[in-house]
Amino acid sequence: MAGAKLEVESGAQLLARLSNKPKLKNLDTFLFEDGPQPKDVIEFYGEEGSGKTEMLLHLVAKCILPSSWCGMTLNGQAVGVLFVDTDYHFSVIRLASILEHCVNSAVSLQHRLPKNDRCFKDLNEGRTLDSPPKEDEIDTFIKACLKRLFVVKCNSSHQLIVTLHSLESLLDSKPDICVLMIDSLSAFYWIDRSNGGDNVTTQEANQRRTVDVLSRLVMTYNLVLFATKPAIIQRRANDEGSSSTTSTESPSHFACKNKEKDSPEHYEYLCKSWQKFVTQRWTFSRSHKPFVTTMPNNTILNRYKVTIADLKTSTKLTRQFCITDGGIEYIM
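Parameters at a glance
- Residues numbered from 1 in each chain as written.
- Predicted model: local features only at pLDDT ≥ 70, side-chain atom pairs only at ≥ 80, totals over all residues.
- Heavy atoms only, no water.
- Salt bridge = Lys/Arg side-chain N within 4 Å of Asp/Glu carboxyl O.
- Helix = DSSP H or I, 4+ residues; strand = E, 2+ residues; numbered from the N terminus.
- pLDDT = per-residue confidence, 0-100.
- Contact = heavy atoms within 4.5 Å.
- Axes fitted to C-alpha atoms, helices over the stretch in contact; angles between N-to-C directions.
- Parallel < 35°, antiparallel > 145°, perpendicular 65-115°, else oblique.
- Phe/Tyr/Trp six-rings, centres within 6.5 Å; stacked < 30°, edge-to-face > 60°.
- Buried < 20%, exposed > 50% of the residue type's maximum accessible area, 1.4 Å probe, protein only.

Novice: I keep staring at the pattern of salt bridges and nothing clicks. Help me out?
Specialist: Where side chains of opposite charge bring their charged atoms close, a pairing between them can arise. Under the definition given, this model contains eight salt bridges. With a shortest N-O distance of 2.5 Å, Arg94 and Glu54 are connected by a salt bridge. Taken together, the positions of Arg94 in helix H3 (residues 92-112) and Glu54 in helix H2 (residues 52-64) put the pair 40 residues apart, joining distant regions of the chain. Ionic pairing is found between Lys229 and Glu268, a salt bridge with its closest N-O pair at 3.0 Å. Linking Lys229 in strand S9 (residues 224-230) with Glu268 in the loop between S9 and helix H9 (272-277), this pair joins segments that are 39 residues apart in sequence. Through salt bridges that share partners, Glu43, Lys229, Glu268 and Arg281 make up one connected network.

Have a look at this one:
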């Protein structure tokens, strides 16, 4: 057909796209009833300090850890993760601390078992040992897990779009990469809006280009996409009964957050192509009611809440958690 565009892909691209990627059904059974599934697009929405980035790090750890190591169950997935950091919040030191906590928790669990039931495995010979892995062996293991993580940083919308285009070569060569994360998708919202003048279409041009590239990556490589979207705009006090629409007014026109509410009301400000792309929205908030741990020493921690909404089925579930030195701990 005249004018039709011929699409050509290499054998490596075809293999990466069609190969059976590892399933993520047991990524975190407390958060996912059945999933996440390939091509899921999950938005993390909430105000600053509500636990969005910490939850991303928690999921990164779950992804890059293996299911077991040295005879200890870690419940990981051993899959690759691409992390695009636009807010410069990512901390590899924090992630390494979370991974170390996961391993140490598994060691402690083994020690609580009767001596005859303990089953530490020698890394080289596969022998059963009475003692856990040494500190240098744990460090080497954590470094090996971190090799499954690929981090890129972007400081503008243009750089983000170019970077996303360039990721195809990495995805072609690393078919075990199953997850793409962006923290955050709206980092350059105000800059793009200012550069776009009074024309909404021009203001949203970079957003649409970003979503176009993301859509192609997710669909072509069967990825799961997690993207944070801070609640940088609040609903006006006289708009309580109106539907969520993209705002074009300055932030000074918006009412401050209602301190009585634990959960922020979602206010959409990104382009319609992103709104259609999202399959799940997780709304994060920090509760005014603290959480008091029983051990050790009745420590008082901040209590966080996430409401998980499936936009396809309109189902919702709510989970509570706190953030410790070792990462996220769920409140049952």
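Now that the structure is up, let's keep going.
Novice: Honestly, the confidence of the model for the protein in this entry has me stumped. Any pointers?
Specialist: Caution is warranted with low-pLDDT regions, since their predicted coordinates should not be read in detail. On average, residues of the protein score 84 in pLDDT, and 78% of them are at 70 or above. Below pLDDT 50 for its whole length, residues 240-260 participates in 41 contacts with residues either more than four positions away or in separate chains.

Novice: How do you make sense of the packing of helix H5 (residues 157-173) against helix H8 (residues 205-221) when you look at a structure like this?
Specialist: Packing of H5 against H8 brings their axes to within 9 Å, and their N-to-C directions diverge by 10°. With respect to their mutual orientation, H5 and H8 come out roughly parallel. Of the residues in H8, those touching H5 at Ser157, Leu160, Ile161, Leu164, His165, Leu167, Glu168, Leu171 and Asp172 are Asn206, Arg209, Thr210, Val213, Leu214, Arg216, Leu217 and Tyr221.

Novice: Explanation requested: the packing of aromatic side chains in the structure shown.
Specialist: Think of a pair of aromatic rings as described by two things: how far the centres are apart, and how the planes are tilted against each other in angle. By the definition in use, this model includes twelve aromatic pairs. Geometrically, the ring pair formed by Phe32 and Trp282 is tilted, given 5.3 Å between the ring centres and 50° between the ring planes. Here Trp282 lies in strand S10 (residues 280-286) and Phe32 lies in the loop between helix H1 (11-18) and strand S1 (41-46), a separation of 250 residues in the sequence. Just as Phe32 is buried, Trp282 falls in that class too. Where Phe83 meets Phe90, the ring centres are 4.9 Å apart and the plane angle is 45°; that geometry is what we call tilted. Each member of the pair Phe83 and Phe90 is classed as buried. An aromatic cluster is defined as three or more aromatic residues linked by ring pairs; in this entry it consists of Phe32, Phe44, Phe226, Trp282, Phe284, Tyr304 and Phe321.

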